Structures are given as structure tokens and as C-alpha cells.
Amino acid sequence: MLDIKFIRENPDLVRKALEHKGGTLDLDELLALDREISDLKRRTESLQAERNANAKAAAKATPEERAALIEKGKQIAQQLADLEPQLRDLEARLKKLLYLTPTIPWEGAPVGPDDSFNVETRVHGKPRTFLFEPLDHVELINRNGWGELERISKVSGSRSYALKGDLMVYEQALLRFALDQLVASGFTPVSVPAYAREEVFYGHGQFPTARDQVYKVEGDDMYLAGTAEVLLNYLHAGEILPEAELPKAYVGVSACFRSEAGSAGKDVRGLMRVHQFNKVEQYVLCKADLEESGRWFDLMLANSERILQALELPYRVLEVSTGDMGLGKYRQVDLETWVPSENRYRETHSCSALLDWQARRANLRYRGEDGKVRYAYTLNNTALATPRILVMLLENHQNEDGTVTVPEALRPYFGKERLEPTR
Ligand SMILES: Nc1ncnc2c1ncn2[C@@H]1O[C@H](COS(=O)(=O)NC(=O)[C@@H](N)CO)[C@@H](O)[C@H]1O
């Protein structure tokens, strides 16, 4: 969310950002509420001044005058008491509207209403020309006995997966490889639960606008997180960190849950879009400095590109449009990896900088060397998410005999040069 002072001073900037991002906030309603609160605060202050002056006068008054002044003091106290709940109610309504305010996107973001306006900025590697008819990832799994996709849908319903044999071990090897890459890059490994309390999702930005994506645990203040980012972002909520302790650079590993509400009919087969998946997540909390944020953005993006290059997968880099990046983003770059059976690139990584939009929601602050307390900046990026990346690995590295070659970098983790059929 934005600083109310910034909104007051830059209403047109905020209005334009809402338009470009497709935000639903009625900015005029927010500004009117803000003015109402200022008026009420001014009335409260003048009544308090009046009460103090009246109390002073009563102290010096003659016995005859005192009774009247004390009576007046009671009336003023009652007026103040009546203003209290009004002010609280207005401030609660303002906070709800502030949750819907947009980060002003960086000037390089393509302006457009959706992902069709995303701009390809780089391509790495090129799609393989197959000398045989390649199989898609579901065919490869079924032919090699690498999963129980049919049986598990009986157990857990649609958008579920169960891997078997070499592919199951391969998923674990990939997660450990990605974790090691991030630890080597100086990130602190953290394991987090896959569930959190409701306020944590407001702190992240998932609530209030995307509640339908989140599973709730019946009977508890407990919601299943779609990404470790949600929890990592709340780890330091309410603290004032010394600047010397920044940046916090965490690599989080967790199961991720998503209802995929609204995705009916999309990617219904196999491993592309499931309700529970695994992700190695990069998360950074740094000082409120645009260059520092830019350096971390570039570093986190480079980490993910290095992983895709180690996996020997063709991919492309997309500068994400204002309409696709979502309310909180200052900048978002996605990596899309080639899927032979679809003859197109599909998203596997999403790198975002949010300036202090999350920090204001989660109350993430630090004390600068100048002693001033400020909201921090936050960023996040996918290091690797499975099982989606298995779609690309199986299809791009398949052999005519149905086995799948393991990229060099993964062999020490997997233990073999190729995935072989389950007996
Ligand atoms: N339902 C899903 N099934 C499988 N993989 C998914 C699903 N949803 C997201 N992913 C994977 O998780 C990656 C990151 O998801 S994201 O929503 O784009 N971004 C985030 O979660 C950020 N925290 C950065 O990781 C996606 O690029 C994709 O590779």
C-alpha cells in the first residue's frame, strides 16, 4: 500500500497507475475520507485545547464561577468522547482502501491491460529439432511408469500428481540443486510452514483482492500459502531492524497450495498446473533505496537464469506489462521456458520488486544510519518450482527410446545420466 502523504501530493500519478494496472480503488472516495479524518482530527485538537484552557480557568476561578466552568469541561469531554469512535471508524475504512492502492510502476514497464502486452527482451538457447516424433510429458510418464496420474486423481481429485521411480527422485534432486545454488549465492536457507494466519496474507498482498486463490483450514485462523514469499514477508513484521542487519536475503523451500480458481479448463493434464507444488523461493528485504532494489532484482533474476541454463533449457525473458504485474509491483520480469508439445514458451519464474508496498502492509521497518525509521523494500523471485519444470525437462531432454537425459549439472544430485523406466 502507498503512503497517504504520497497519495495526497500525487493524486494524478496514483490515478494513472490504477488505470494502467486495472485497479478497482475509487481514489476520490479515499481522498474524501482522508479529508474527513483531517477535519475530525482538527476538531478534536481544538476541543482538547479548549478543554485545557477551560481547566486552567477553572483552577483560577472564584468559587461562584467554578461550577459553571466545571460543567463546561464536562460538555467538552462528552464532545471529545463522541468523536473518538467516529475517528476510529473512518480510519478503519481508510485502511481498507489503502490496501487497494497501487505501486507506481517503473517507467520501463510496457503499458497494457494484460499479458499480451508483455515484451520479450531476451531469448536464451533455441528449441530442439527432434529427429523422431517427440512425446508430451504425460505420455513419457505413462510409458515409463514415472507417475500415478490417474490413480492419484481418484485419491485427491483433479490437479493432483504423484510421481514414481526415477522421476520422483529427480524432483527431489532438482529442489536440492536449486537450494544449493541460492545458498552459494549468499541467501540464507529457511524452511517455512505452508500455512499462515489471515493477517499474513494482508501483509503479502494476496488479501483482500485474491482470496479466492487461497485454501482456508476449517475452524482455524489458518490459510494455505501459495508461495513461501507470503510467510518470509511476515517473518520480521512489526520489527524495526538496524540498517546494519539489512539486507535479509532468504531462500525459502515450501510446499505451495493454490486453488487455481478461474483456471478451469487450463492445463488440466499432467504437471503444469496443480493444487500443491514445491518451490524454492528467493526473498529479499532491503533498505529503501531504488539502486539497492535494482541490484537485488538483477541478482535474483541472474540466479534463476543460471539455474535454467544449468538445466540446459531454452527460455525467454519477458518484461511484464502494467496490467499483468498486479497492484503491488514496481517491476516484474518473467522467465518462460520452452514446451515442445505446446510449441511455445510457458512461465516458470517470476521476478518482482515491490518497493515499500508490502513493507507498509506488513509493517517491515528499519532504523537508518541517520537514526530515521523507514519502511523497507521487498523483492521476490522463483528459484525453481516443481513439478512444472519437469514438463520442460522431460520433453526437451527425451530420447527416442523414451528415456530422458539428465543435464550435467544435475548428475551429482540425481546419481545417474538418465531417467529410466520404473520396473
Ligand atoms: N498451480 C501451479 N502449479 C504448478 N506450478 C505453479 C503453479 N502456480 C505457480 N507455479 C509455479 O510457481 C512459479 C511462481 O509462481 S508465481 O505466482 O508466478 N510467483 C510467485 O509465487 C513468487 N513468489 C515468485 O516465485 C510459477 O512461475 C510457476 O513455475
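Predicted model, so just to flag it, every value in this text is computed and none were measured.

Re the domain arrangement of the protein chain
In terms of domains, the protein chain is made up of domain 1 (4-99) and domain 2 (115-419). Domain 1 and domain 2 are separated by 45 Å when their C-alpha centres are compared. Facing the five residues of domain 1 at the interface are 11 residues of domain 2. Summed over both sides, the interface of domain 1 with domain 2 buries roughly 670 Å², with 56% coming from carbon and sulfur. Our enumeration of links across domain 1 and domain 2 arrives at six residue pairs in polar contact (both at pLDDT 80 or more). In the side of domain 1 that touches domain 2, the residues fall into two nonpolar, two polar and one charged.

Some thoughts on the sheet that holds strand E7 (residues 276-286)
The strand order across the open sheet built from eight strands is E1-E8-E9-E10-E13-E7-E6-E2, with neighbouring strands paired in mixed fashion. Each having just a single partner strand, strand E1 (119-124) and strand E2 (188-191) make up the two edges of the open sheet. Put simply, the sheet's adjacent strands are angled 25° from each other on average, direction ignored. Strand direction decides the pairing type here: E7 and strand E13 (residues 377-386), joined by nine bridges, are antiparallel. Bridging across to E13, Val 280 finds its partner in Leu 384.

Some details on the site of the ligand
Surveying the vicinity of the ligand reveals 19 residues, the closest of which are Glu 229, Glu 260, Glu 281, Glu 347 and Thr 382. Between Glu 260 and the ligand, the recorded distance is 2.7 Å, taken from a side-chain N or O atom to a nitrogen atom. A distance of 2.9 Å is found between a nitrogen atom of the ligand and a backbone nitrogen or oxygen belonging to Val 274. Starting from 580 Å² of accessible surface for the ligand in isolation, the protein chains cover 91%. Of all the secondary structure elements, the ones that give two or more residues to the shell around the ligand are E7, strand E10 (344-353) and E13.

Some thoughts on the UniProt feature "binding site: L-serine" (unreviewed entry) in the protein chain
Feature annotation in UniProt assigns "binding site: L-serine" (unreviewed entry) to the following positions: Thr 227, Ala 228, Glu 229, Arg 258, Glu 281, Asn 380 and Thr 382. Here Ala 228 is to be found in helix H9 (residues 228-232). Non-local contacts of Ala 228, meaning those with residues more than four positions away in its chain, are made with Val 192, Gly 252, Ser 254, Cys 256, Lys 279 and Glu 281. As for its placement among the helices and strands, Glu 229 is situated in helix H9. Classification of Glu 229 by relative accessible area gives buried; the value is 9%. Residues within four places of Glu 229 in sequence aside, it is in contact with His 204, Glu 281, Tyr 283, Gln 358 and Asn 380.

Conventions adopted
Residues numbered from 1 in each chain as written. Predicted model: local features only at pLDDT ≥ 70, side-chain atom pairs only at ≥ 80, totals over all residues. Heavy atoms only, no water. Domains from an automatic or database assignment. Contact = heavy atoms within 4.5 Å. Buried area = accessible area lost by both parts, 1.4 Å probe. Polar contact = N/O pair within 3.5 Å; in protein donor to acceptor, adjacent residues only side chain to side chain. Nonpolar A, V, L, I, M, F, W, Y, C, P; charged D, E, K, R; others polar. Pairing = 2+ DSSP bridges. Helix = DSSP H or I, 4+ residues; strand = E, 2+ residues; numbered from the N terminus. Axes fitted to C-alpha atoms, helices over the stretch in contact; angles between N-to-C directions. Near = heavy atom within 4 Å. Areas by Shrake-Rupley, 256 points an atom, 1.4 Å probe, with all protein chains shown as cover. UniProt positions renumbered as here; feature names shortened; annotations may be inferred. Buried < 20%, exposed > 50% of the residue type's maximum accessible area, 1.4 Å probe, protein only.

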